[in-house]
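A closer look at the structure
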Amino acid sequence: MPVAASLGSNDIFTWEIFGRWIAQRGLFDLYAYNTTFNHPPLPGYYSAAAIALADWLHVPFPIVFKLPIVCRDAIVAFLLFKLWRRRRDDLTGWTAAAMYAWALTPILVSSYHGNTDSVAAAAWLLSVYLATEHGADFAAGLALAAAINVKLIPILGIPAALACYRSRKSVMRFCNGLALGLLPFLPVVVVVGAAFYRNAIVYSSNFDAWGLPGIAILLARSPGVFGQVGSALAALCISLGKPLIILAVLASVAWSRWKSAIDPYALAALAPALFLALTPGFGVQYTQYLCPLLYAASIRDGTVYATLSGLFIGLVYIMFWTGTFPWRSFHSSGFPMPSPILGLIAWVALLVIIRRLWRTPATEVNVGGQIR
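Since the structure is predicted, the reported quantities are computational estimates derived from the model, not experimental observations.

Structurally, the position occupied by Cys-237 is in helix H14 (residues 225-259). Apart from residues no more than four positions distant in its own chain, Cys-237 is found in contact with Phe-207, Leu-212, Pro-213 and Pro-280.

In structure tokens, the structure reads:
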């Protein structure tokens, strides 16, 4: 099991620093004096609790930190079983659950990497599932709020969630649940708001060899006109990357409202897919955001994406391996060759999948009546 046989990437050791800092000096102090803490407040408290439990049990911190994250894979597999069994039959439900349980990207990000992105992705799927399958609008809003309280990226899921509703009362119930997610942020905003804005809102990941930045890096290394094009593309990615993601997500929502027939899971999956396609900054753990929602929209596309992206990030982990056991990867900017080639293949496949998601029809009115 990777959790017991490995330590993980740089991130797990960074989380240990965060946890001990919070335990000794508090969360507000961490935001104020450590610019690398770019997370919502609740994961910080989780890391401090994991530190306390690890010290009490005399167990390595990475194991205590990652085990609950791995458990959320079982929840995702169960949700996929439930929704695909309803859509098709028991065999399809079990197939979806099994394919996800053995998918390479979820395994690597959840049990090896050492960050909280998998939890946010699982809560994102849970939100769509609750609204679509059960009409539990308040609980769906609360689940999406939970995802945002783990990582800020699921904020991109709000427009798609609202677009599926046809009832004002349902929208209000969803928004009431979502609003509860603001509560953990309020003390931070009041006490260290400027630091939180600097650390979390303005934060950009590494400009690395994935997607458009990867193409820009490759071109910039070439002489002459190709180098100039690469430099220009890099500048555009850095300056316009985030606004372009937001515009693309809003455009996909507008398209769904016009067509009035896009599957809710496909529409929800478009947000993380467009984020990954257009992001100006990249971390290998980001690949997990799409996996749960994509498997809910298409078992085939979920398997293709999780395999290709998993091979890419797996090679990155191997290339950054420190040569020690338990296995540890020390990441630095710039993915060693040939991993960027696999990354480009996975990114191109992602573009094809985005095109399919835009064309995924809603084959029936869902049980929960989210399309109403």
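We now examine the packing of aromatic side chains. Within the structure shown, the criterion is met by 24 aromatic pairs. On the numbers, 5.6 Å between centres and 75° between planes, the contact of Tyr-31 with Phe-196 is edge-to-face. Placement of Tyr-31 in helix H3 (residues 27-33) and of Phe-196 in helix H12 (residues 185-201) is noted, with a sequence separation of 165 residues between them. The pair formed by Tyr-31 and Phe-196 is uniform in burial state, with each residue classed as buried. Look at Phe-325 and Trp-327: their rings are 6.3 Å apart centre to centre, the planes differ by 75°, and that puts the pair in the edge-to-face class. On the accessibility criterion, Phe-325 (65% relative accessible area) is exposed. You can call Trp-327 partly exposed: its relative accessible area is 25%.

Attention now moves to helix H15 (residues 264-278). With 15 residues, H15 extends 22 Å from end C-alpha to end C-alpha; this agrees with the ideal 21 Å at 1.5 Å per step. Along H15, the helix axis deviates most sharply at Leu-270, where the bend reaches about 25°; the proline Pro-272 sits within four residues downstream. Along H15, 15 of the 15 residues are buried, which leaves the element largely enclosed by surrounding structure.

Once that is clear, we can look at the nonpolar core. Leu-80, Leu-276, Leu-350 and Leu-357 are the most contacted members of the largest nonpolar core, which totals 81 residues. In terms of residue count, H15 provides more of this core than any other element does, 13 residues in total. Not counting chain neighbours up to four residues away, the residues in contact with Leu-80 comprise Gly-93, Ala-96, Tyr-100, Leu-125, Pro-292, Tyr-295 and Ala-296. By size, the runner-up hydrophobic cluster in this structure holds 23 residues, among which are Trp-15, Leu-27, Phe-61 and Ala-200.

Quick look at the pattern of salt bridges now. Pairing is possible between side chains of opposite charge, provided their charged atoms come close. On inspection of all chains with the given rule, the structure shows 11 salt bridges. Put simply, Arg-20 and Glu-16 hold a salt bridge, and the shortest N to O gap is 3.6 Å. Of this pair, Arg-20 and Glu-16 both sit in helix H2 (residues 10-25), 4 residues apart, which is roughly one turn of the helix. Residues participating in the shared-partner salt-bridge network are Glu-16, Arg-20 and Asp-55.

Attention now goes to unusual backbone geometry. The step from Phe-325 to Pro-326 runs through a cis peptide bond, and the omega angle for that step is -5°. The residue Pro-326 is located in the loop between helix H17 (299-319) and strand E2 (327-328) in this model. With an omega of 5°, the peptide bond between Met-337 and Pro-338 qualifies as cis. Within the secondary structure, Pro-338 is located in the loop between E2 and helix H18 (339-358).

About the cut-offs
- Residues numbered from 1 in each chain as written.
- Predicted model: local features only at pLDDT ≥ 70, side-chain atom pairs only at ≥ 80, totals over all residues.
- Heavy atoms only, no water.
- Helix = DSSP H or I, 4+ residues; strand = E, 2+ residues; numbered from the N terminus.
- Contact = heavy atoms within 4.5 Å.
- Phe/Tyr/Trp six-rings, centres within 6.5 Å; stacked < 30°, edge-to-face > 60°.
- Buried < 20%, exposed > 50% of the residue type's maximum accessible area, 1.4 Å probe, protein only.
- Expected span 1.5 Å × (residues − 1).
- Bend = angle between axes of the 7 residues up to and from the residue.
- Core = buried A, V, L, I, M, F, W, Y, C linked by side-chain atoms within 4.5 Å.
- Salt bridge = Lys/Arg side-chain N within 4 Å of Asp/Glu carboxyl O.

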